[in-house]
Amino acid sequence: MKKTMHIMSEAPLNAETPLDNLQSWITSNEVFFKRNQEMIMASPVAFESWSLSIQGRVKKVIELSFSDILSMTKVEVANTLECSGNGRSLLRDKAPGNPWTIGGVGNAIWGGVRLSDVLVRAGITPEVRHVGFEGLDNPLTTGTVKFIRSIPLEKAMDSTILAYEMNGEPLPLEHGFPLRALALGWTGANCVKWLSKISLLEDPVSGYFMDNVYRIFQKGEEPGSGKVVTTIPLKSIITSPANGAILTGGLVVIRGAAYGGEADITNVEVSVDDGLTWHAVEFIGPHERYAWRRWEYSWKTAETGMHTLLSRAIDDRGQIQPMSASWNVLGYGNNGSREHAVIVTIQ
Ligand SMILES: Nc1nc2c(c(=O)[nH]1)N[C@H]1C(S)=C(S)[C@@H](COP(=O)(O)O)O[C@H]1N2
Ligand SMILES: [Mo]
């Protein structure tokens, strides 16, 4: 792993993509953010000894080898992946967890198979409502639980893939080699790595990683009563200039990215006067359904001194990124423009 990543913890490995590497449409594998609840295996599992079992409320339990997966129709999808806790450290009221700034996100081209194609092979019985995923990573300490998650059947059938390639390379060990789930447009917690078992279920999976975390709840509320994190919220980030930069006046190009999970980004606006006036940006590069859109705005600086730069994304449903994030106990989904303000000095 590139030392340039901002490492938050080594065991388990949690590392954020540095600002410089958030400048491109594709985030390269070496610097793509890494988020783990548990210990990653020391070496990749051998293809021959790996298999994927599809069980639970199936018509027939099946075991697929890696070559079975490779023999199925391949899909390639650009998808922006974000950790639910991204931006947590920028919240005004602190929340516990990894102190992500803006680099708990990345965009990659993922190659793999449609989950629906795999499930159909095992046969989905009429009572199935949820799909559970289990990986090969192990809990940090004995007595704690495995990272097992489930998503609704609808999402599983409509827009979830099982990926074995990331940016044209075999899925790297840290990102779930040899196969991971990717619920397109949904936060990382819905995308189980080192996948080994899929279960068709009547009810959502229960347990720590479903009921106690990855839920939006307020102080005094039961975690399990909160909404489960699903789609990535509507958000834009300024990736250049950096917060605190000192710049010479003239033309300053402000650059960034905007993404909204399942929503299509239609506009991004930038303010160079702390939200008083807003200007449309220009989009650059590809526009794909589940991927972020890169944008830039050329700012003709007039006055020296400090300036607060803000950006806000607008989607195809007319939703506007909020000025301030809505706080929750675990600090998930920070998409406030204000929290992502960039203050620069023009001299
Ligand atoms: N098996 C397993 N899958 C997992 C996790 C994990 O700890 N174990 N972490 C999840 C979380 S919270 C996130 S944000 C993403 C991070 O994916 P990445 O490390 O490939 O960026 O993986 C998800 N899938
Ligand atoms: Mo996450």
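This one's a predicted model, so the numbers in the text were calculated from it and none came from an experiment. (Residues numbered from 1 in each chain as written. Chains lettered and ligands numbered in written order. Predicted model: local features only at pLDDT ≥ 70, side-chain atom pairs only at ≥ 80, totals over all residues. Heavy atoms only, no water.)

Undergrad: Which residues make up the packing of aromatic side chains, and what values do they have?
TA: Tallied over the full model, the rule gives 12 aromatic pairs. Centre to centre, the rings of tyrosine 214 and tyrosine 332 are 5.8 Å apart; their planes meet at 20°, and the pair counts as stacked. Of the two residues, tyrosine 214 sits in the loop between helix H4 (208-211) and strand S14 (215-216) while tyrosine 332 sits in the loop between strand S23 (305-315) and strand S24 (342-346), which places them 118 residues apart along the sequence. Sitting above the plane of the tryptophan 278 ring, arginine 312 keeps its charged end 3.9 Å from the centroid. (Phe/Tyr/Trp six-rings, centres within 6.5 Å; stacked < 30°, edge-to-face > 60°. Helix = DSSP H or I, 4+ residues; strand = E, 2+ residues; numbered from the N terminus. Lys NZ or Arg CZ within 6 Å of the ring centre and 35° of its normal.)

Undergrad: Which residues make up the environment of arginine 289, and what values go with them?
TA: Counting through the fold element by element, arginine 289 comes out in the loop between strand S21 (282-284) and strand S22 (293-300). Overall, the relative accessible area of 54% leaves arginine 289 in the exposed class. Residues arginine 289 and glycine 260 lie 29 residues apart in sequence; the distance between their C-alpha atoms is 9.7 Å. (Buried < 20%, exposed > 50% of the residue type's maximum accessible area, 1.4 Å probe, protein only.)

Undergrad: Account for the nonpolar core, naming residues and giving values.
TA: Core analysis: the largest hydrophobic core is formed by 42 residues, its most contacted members being Leu52, Ile54, Leu119, Val131, Phe133, Leu162 and Ile198. The element best represented in this core is helix H2 (residues 115-122), accounting for four residues. Looking at this core, you find at least three residues from each of domain 1 (6-228) and domain 2 (235-346). When sequence neighbours within four positions are dropped, the list of residues in contact with leucine 119 reads Ile54, Ile124, Val131, Leu153, Ala156, Met157, Ile198 and Leu200. Ranked by size, the runner-up nonpolar core spans 20 residues in total, among them Leu247, Val252, Trp299 and Ala313. (Core = buried A, V, L, I, M, F, W, Y, C linked by side-chain atoms within 4.5 Å. Domains from an automatic or database assignment. Contact = heavy atoms within 4.5 Å.)

Undergrad: Describe empty space enclosed by the protein, with residues and values.
TA: For the structure on display, the rule yields two cavities of 30 Å³ or more. Estimates place the volume of the largest cavity at around 250 Å³. Residue lining of the largest cavity: 20 residues in total, with Arg35, Arg180, Gly188, Cys191 and Lys193 positioned closest to the centre. Of the residues belonging to the lining of the largest cavity, the class tally is 10 nonpolar, four polar and six charged. Empty space within the second largest cavity amounts to approximately 70 Å³. Considering the residues around the second largest cavity, the lining is formed by 14 residues, among which Tyr259, Gly260, Gly261, Tyr290 and Ala291 are closest to the centre. Split into classes, the residues belonging to the lining of the second largest cavity amount to six nonpolar, four polar and four charged. (1 Å grid on protein atoms, 1.4 Å probe; cavity = no way out; pocket = protein on both sides within 12 Å on 5 of 7 lines; lining within 4 Å. Points joined across faces, edges and corners; volume = space filled by probe spheres on them. Nonpolar A, V, L, I, M, F, W, Y, C, P; charged D, E, K, R; others polar.)

Geometric values such as these leave the question of function open.
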